[in-house]
Amino acid sequence: MSFADRLSELGVTLPDAPAPAANYVPYVQVGNILYVSGQISNGPDGFILGKLGADMAVEQGADAAKSCAISLLAQVKAACGGDIERLVRVIKLTGFVNSTADFTDQPKVINGASDFLVAALGDAGRHARSAVSAPSLPLGVAVEIEGIFEIK
């Protein structure tokens, strides 16, 4: 089954790739490796804001992480000239969670992205990963995730 078909089965339509918010590019390709800049949590009503351990539950954080993964795939699709089937695999994610000093469930939050990528891409979605805390993130968003991908 194609990645596009799997996304469709999940009810996900990839949005247009978000434009960079500052002086950087959304992705850089080196050979067959694609480095995608950090994507911040964003939903249909705008940025997903909050601080885990204060005003946001783990499940809400996981949903925010899933939104980052969708934006990562949108960037991959853009880098591949609109053909998501050129994606070979997800290599690594680094997830940043806006959280209080005593919050320790960053991995559960970033699971929202990891679980989605495996559901959408099968074995090609399995990846290495880091999940870390941040005292704040740009614009007050809950999650930011960057990714490394192999493409053909």
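These numbers come from a predicted model, not from an experiment.

1. Considering the side chain of Gln106
Structurally, Gln106 is set in helix 3 (residues 106-121). A distance of 3.2 Å separates polar atoms of two side chains, one belonging to Gln106 and the other to Ser99. In contact with Gln106, other than residues within four places in its own chain, are Val97, Ser99, Ala131, Val132 and Ser133.

2. Quick look at the environment of Leu87
Among the secondary structure elements, Leu87 is positioned in strand 5 (residues 87-98). With 53 residues separating them along the chain, Leu87 and Leu34 place their C-alpha atoms 9.6 Å apart. For Leu87, the contacting residues outside a window of four places in its chain are Phe3, Leu73, Val76, Leu121, Phe149, Glu150 and Ile151.

3. Some points on the pattern of salt bridges
In the structure shown here, the tally under the stated rule is two salt bridges. We note a salt bridge from Asp105 to Lys108, for which the minimum N-O separation is 3.9 Å. Assessed through its relative accessible area of 26%, Asp105 is described here as partly exposed. The partner of Asp123 in a salt bridge is Arg126, and the shortest N-O contact between them spans 3.2 Å. Judged by its relative accessible area of 60%, Asp123 falls in the exposed class.

4. Concerning the state of the cysteines
Applying the stated criterion across every chain, the model contains zero disulfides. Cys80 provides the cysteine sulfur closest to Cys68, a residue in no disulfide bond, and the two sulfurs are 20 Å apart. Owing to a relative accessible area of 3%, Cys80 belongs among the buried residues under this scheme.

5. Here's the deal with the sheet that holds strand 1 (residues 27-30)
The mixed open sheet is built from five strands, whose spatial order is 1-2-7-5-6. In this open sheet, the two edge strands, each paired with only one partner strand, are strand 1 and strand 6 (128-134). Taking the axes of each pair of neighbouring strands and ignoring which way they run, one obtains an average angle of 15 degrees across the sheet. With six bridges joining them, strand 2 (residues 33-40) and strand 7 (residues 143-151) adopt antiparallel strand pairing. Residue pairing in the sheet places Ile33 in a bridge with Glu150 of strand 7. Docked against the sheet, helix 3 engages strand 5, strand 6 and strand 7, running at close to 160 degrees with respect to strand 5.

Definitions and cut-offs
Sequence order sets the numbering: in each chain, residues are counted from 1 along the sequence as written. Reporting of local features is limited, given that this is a predicted model, to residues whose pLDDT is at least 70; pairs of side-chain atoms are given and counted only at 80 or more, and all residues count toward the totals for whole chains, interfaces and linings. Only hydrogens and water are set aside; all other atoms, that is, all heavy atoms of the structure, feed into the side-chain values. In this description a helix means any DSSP run of H or I spanning at least four residues, a strand means any run of E spanning at least two, and both kinds are numbered starting from the N terminus. Contacts described as polar in this section are N or O atom pairs within 3.5 Å, which, within protein, must combine one atom able to donate a hydrogen with one able to accept it, while residues neighboring in sequence count only if both atoms come from side chains. Contact between two residues is taken to exist if any of their heavy atoms lie within 4.5 Å; hydrogens are not considered. Here, a salt bridge means any Lys or Arg side-chain nitrogen found within 4 Å of an Asp or Glu carboxyl oxygen. Only protein chains enter the accessibility calculation, which uses a 1.4 Å probe; a residue whose area is less than 20% of its type maximum is buried, one above 50% is exposed, and one in between is partly exposed. Cysteine sulfur atoms that pair up within 2.5 Å are treated as a disulfide. A pair of strands is labelled paired if DSSP reports no fewer than 2 bridges between them. Axis lines are fitted through C-alpha atoms, for helices just across the contact stretch, and the angle between N-to-C directions can take any value from 0 to 180 degrees.

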